[in-house]
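# Working through the structure, step by step
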Amino acid sequence: QVQLVESGGGLVQPGGSLRLSCAASGSIFSLAAMGWYRQAPGKQQRELVAIITSGGSTDYADSVKGRFTISKDSVRNTVYLQMNSLKPEDTAVYYCRANRSWGGGYWGQGTQVTVSS
């Protein structure tokens, strides 16, 4: 089992920045990748925002490329999402996701990000 604890959400004005953190504990050795998804108000599906593999490869949704950066601290077993130039359309609940090497994975509890003036 893997436990994920997120932090760093909040209210920010358009153009501002936030950094989300996701600390993982438990069977970390089983993880192939970690990432962030978000679920916008009124939408039923979560969309991938960014992902980083155990080898350090990253991928981003087109809507956040150039504004968001995903990184990890392997010593602290923590993944970060640095979000810059935030827009109102970035408003969502952001969920940390950890993918197991053999399929499936785990979700964090979610953290609210609101971009509004």
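Residues numbered from 1 in each chain as written. Predicted model: local features only at pLDDT ≥ 70, side-chain atom pairs only at ≥ 80, totals over all residues. Heavy atoms only, no water.

In this section: the overall build of the chain. Of the regular secondary structure elements, the chain holds 0 helices and 11 strands. Relative to the compact-globule value of 13 Å for 117 residues, the chain shows a C-alpha radius of gyration of 13 Å, a close match. Its C-alpha atoms put the chain at 40 × 25 × 25 Å along the principal axes. In the chain, which comprises 117 residues, the share counted as buried stands at 42%. Put simply, 52% of the contacts in the chain that link residues at least 6 apart link residues at least 24 apart. Counting every atom, the chain has about 6100 Å² of accessible surface; 47% of that belongs to carbon and sulfur. Averaged over its 11 positive side-chain charges, the chain has a centre that lies 4 Å from the centre of its 7 negative ones. (Helix = DSSP H or I, 4+ residues; strand = E, 2+ residues; numbered from the N terminus. Rg over C-alpha atoms; globule rule 2.2 N^0.38 Å. Buried < 20%, exposed > 50% of the residue type's maximum accessible area, 1.4 Å probe, protein only. Contact = heavy atoms within 4.5 Å. Areas by Shrake-Rupley, 256 points an atom, 1.4 Å probe, with all protein chains shown as cover. Lys, Arg positive; Asp, Glu negative; His and termini not counted. Charge placed at Lys NZ, Arg CZ, Asp CG, Glu CD.)

Turning our attention to the environment of Gly42. With respect to the secondary-structure elements, Gly42 resides in the loop between strand E4 (31-39) and strand E5 (47-53). Take Gly42: its relative accessible area is 85%, and that puts it in the exposed class. Expressed as a C-alpha distance, the spacing of Gly42 and Gln82, which sit 40 residues apart in the sequence, is 25 Å.

A separate point is the side chain of Asp73. Within the secondary structure layout, Asp73 lies in strand E7 (residues 68-73). Non-local contacts of Asp73, meaning those with residues more than four positions away in its chain, are made with Thr78 and Tyr80.

A few words now on the environment of Ser54. Along the chain, the position of Ser54 falls in the loop between E5 and strand E6 (58-60). On a C-alpha basis, the gap between Ser54 and Ser85 in space is 27 Å, while along the polypeptide they are 31 residues apart. Among residues more than four places away in sequence, those in contact with Ser54 are Leu31, Ala32, Ala33 and Lys72.

Here we have 4 strands laid out as an open sheet, ordered E1-E3-E8-E7, and antiparallel in their pairing. The outermost strands of the open sheet, each flanked by one partner alone, are strand E1 (2-7) and E7. Between one strand axis and the next, the sheet turns through 15 degrees on average, direction left out of account. The pairing of strand E3 (residues 18-26) with strand E8 (residues 78-83) spans 6 bridges and is antiparallel. Bridge assignment links Ser21 to a residue of E8, and that residue is Tyr80. (Pairing = 2+ DSSP bridges. Axes fitted to C-alpha atoms, helices over the stretch in contact; angles between N-to-C directions.)

These results come straight from atomic positions and should not be treated as a statement about function.
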